[in-house]
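One-letter residues, chain by chain:
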Amino acid sequence: MRKSYRVKKEAEFQKVFVQGKSCANRQFVVYMIEKPQQTHFRVGISVGKKIGNAVARNWVKRRIRQSLTELKPQLKQDCDFIVIARPAVSGLSMAETKQHLIHVLRLAHVLKKD
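Here is a short report on the structure shown in this document. Everything numeric here is computed off the predicted structure, so don't read it as measured data.

The next subject is the side chain of Lys76. Tracing the backbone shows Lys76 in the loop between helix 2 (54-71) and strand 4 (79-85). Under the relative-accessibility criterion, Lys76 is labelled buried at 18%. A distance of 3.1 Å separates polar atoms of two side chains, one belonging to Lys76 and the other to Glu34.

See the structure below:
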């Protein structure tokens, strides 16, 4: 996922976190804020130390990024959202990670309706 698709600055991350609507399941929490003037979505990913060591956290981030890349055509383009991983995500396979991510993105209305 290119850097233009990422929420990079701390102030932007905090704005989505504070002002955004949140949805959660056991594996992820998603905060979303609509930005009608934007040409494409931006995402921030947060994986805390409760997930494990740096290697485990990086694996989780890679799985989230890969899932979002595969879901890119189905994601709403006029929003910023943050995906926060919970400790239950560390033992999941790639397919399970994507399945649970799809579930929470649907709850947050980040995925376009079929």
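Along strand 2 (residues 28-34), six of the seven residues are buried, which leaves the element largely enclosed by surrounding structure. Linking two consecutive strands that pair antiparallel, namely strand 1 (residues 21-24) and strand 2, is a turn of three residues. Two elements, strand 2 and strand 4, share seven bridges in a ladder whose sense is antiparallel. Residue pairing across strands places Tyr31 opposite Ile82, the latter belonging to strand 4.

Reading the values: the criteria
- Position numbers for residues count from 1 along each chain, tracking the sequence in the order it is written.
- In view of the model being predicted, local features appear only for residues whose pLDDT reaches at least 70, and side-chain atom pairs are presented and counted only at 80 or more, with totals across whole chains, interfaces and linings using the full set of residues.
- Working from all heavy atoms in the structure, the side-chain values ignore hydrogens and water.
- Helix and strand labels come from DSSP, where a helix needs a run of H or I of at least four residues and a strand needs a run of E of at least two; each type is numbered from the N terminus.
- Here's how the labels work: a residue is buried when its accessible area is under 20% of the maximum for its type, exposed when over 50%, partly exposed in between, all with a 1.4 Å probe on protein chains only.
- As used in this structure description, the phrase polar contact means that two N or O atoms lie within 3.5 Å; if the pair is within protein, one of them must be able to donate a hydrogen and the other to accept it, and residues adjacent in sequence are counted only when both atoms belong to side chains.
- Strands are labelled as partners when DSSP assigns at least two bridges between them.

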